[in-house]
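Listed below, chain by chain, are the residues.
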Amino acid sequence: MNCEICQKLSDSLVSMKEYYSISEAARVLHVHCQRIRELTARREDPLPFRRFPGQQRGGFIHREDLRAWLERNTEQLSGRR
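Values in this document were obtained by computation on a predicted structure and should not be read as measured data. (Residues numbered from 1 in each chain as written. Predicted model: local features only at pLDDT ≥ 70, side-chain atom pairs only at ≥ 80, totals over all residues. Heavy atoms only, no water.)

Undergrad: Help me understand the environment of Leu29, please; the structure alone is not making it clear to me.
TA: Within the secondary structure layout, Leu29 lies in helix α2 (residues 22–29). The exposure class assigned to Leu29 is partly exposed, which follows from its relative accessible area of 22%. For Leu29 and Leu70, which are 41 residues apart along the polypeptide, the C-alpha to C-alpha distance reads 9.8 Å. Setting aside its immediate chain neighbours within four residues, Leu29 contacts Ile36, Leu66 and Leu70. (Helix = DSSP H or I, 4+ residues; strand = E, 2+ residues; numbered from the N terminus. Buried < 20%, exposed > 50% of the residue type's maximum accessible area, 1.4 Å probe, protein only. Contact = heavy atoms within 4.5 Å.)

Undergrad: Explanation requested: unusual backbone geometry in the structure shown.
TA: One non-glycine residue, His30, lies in positive phi territory at about 60°. Within the element layout of this structure, His30 appears in the loop between α2 and α3 (33–41). A positive phi angle, near 45°, is found at Asp45, a position not held by glycine. If you trace the backbone, Asp45 turns up in the loop between α3 and β2 (60–62).

Undergrad: Got a minute to help me understand the nonpolar core in this structure?
TA: Generally speaking, a soluble globular protein has its nonpolar side chains buried in company with each other. Formed by Tyr20, Ile22, Ala25, Ala26, Ile36, Leu39, Leu47, Phe49, Ile61, Leu66 and Trp69, the largest nonpolar core amounts to eleven residues. Sorting the residues of this core by element identifies α2, α3 and α4 (63–73) as the ones contributing at least two each. Excluding residues that lie within four positions of it along the chain, Ala25 makes contacts with Tyr20, Ile36 and Phe49. (Core = buried A, V, L, I, M, F, W, Y, C linked by side-chain atoms within 4.5 Å.)

Undergrad: I would appreciate a short explanation of the pattern of salt bridges in the present structure.
TA: Evaluation of the coordinates by the stated rule reveals five salt bridges. Notably, a salt bridge pairs Glu18 with Arg63, separated by 3.1 Å at the nearest N-O pair. Of this pair, Glu18 sits in the loop between α1 (3–12) and β1 (19–21) while Arg63 sits in helix α4, placing them 45 residues apart in sequence. We note a salt bridge from Glu64 to Arg67, for which the minimum N-O separation is 3.0 Å. Residue Glu64 and its partner Arg67 are both found in helix α4; the two are separated by three residues, about one turn of the helix. Residue Glu64 is classed as partly exposed on the basis of its relative accessible area of 38%. (Salt bridge = Lys/Arg side-chain N within 4 Å of Asp/Glu carboxyl O.)

If you want it as structure tokens, here you go:
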């Protein structure tokens, strides 16, 4: 495989971590960072990102919080027609 292609693939992968940044969560979910911000700002069951007091940037989410939110806010496709 072409080295450049391997690098692009490697850059797109996100390792399993305890906490994800907004950009990492976007890559995990295959959405744009803006979509993550929209889901975080919505009134009903927002995506539970956290940040340290006094900071405006640097949001993060625990992988279990992300998993639980996904369970509540997505539907399974298998078996549906």
